[in-house]
Amino acid sequence: QVQLVESGGGLVQPGGSLRLSCAASGSIFSRNTMGWYRQAPGKERELVASMTTNGITTLTDSVKGRFSISRDNAKNTVYLQMNSLKPEDTAVYYCNVRWQYISWIEYWGQGTQVTVSS
């Protein structure tokens, strides 16, 4: 089994910064994609950012120029640096790891709350 442990969420004022971390453990395929999704109340879960093992990055348009994603492959850890936070970034942020081995396999973290408010 695979476990994802997230940390770094919290309350921050508009314009502030937060850094989320997600450490994966267990039987993880060596070539994978780790990423962050978020779900605001009443909305569907959406991809925020993802990064493959070899560094290919995806960022949703609404966070480009403000958020960045990085990872430490040796530690199976992914980070989300969030700058210039806006109230609309308020959501539960979920870590995800997935890979394709015959079929797609994915695991989710428990989620961490990010609240942007003055």
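Below: a short report on this structure. (Residues numbered from 1 in each chain as written. Predicted model: local features only at pLDDT ≥ 70, side-chain atom pairs only at ≥ 80, totals over all residues. Heavy atoms only, no water.)

## Considerations on the pairing of strand β9 (residues 91–101)
- Note that strand β4 (residues 33–39) and β9 share seven bridges and pair antiparallel. Bridge pairing in β9 places Q39 opposite V92.
- Note that β9 and strand β11 (residues 112–116) share three bridges and pair antiparallel. Of the residues in β11, the one forming a bridge with A91 is V114.
- The pairing of β9 with strand β10 (residues 103–108) spans six bridges and is classified as antiparallel. Bridge pairing in β10 links W99 to I105.
- Hairpin remark: β9 followed by β10, antiparallel, with one residue in the connecting loop; positive phi at I102, about 70 degrees. (Pairing = 2+ DSSP bridges. Helix = DSSP H or I, 4+ residues; strand = E, 2+ residues; numbered from the N terminus.)

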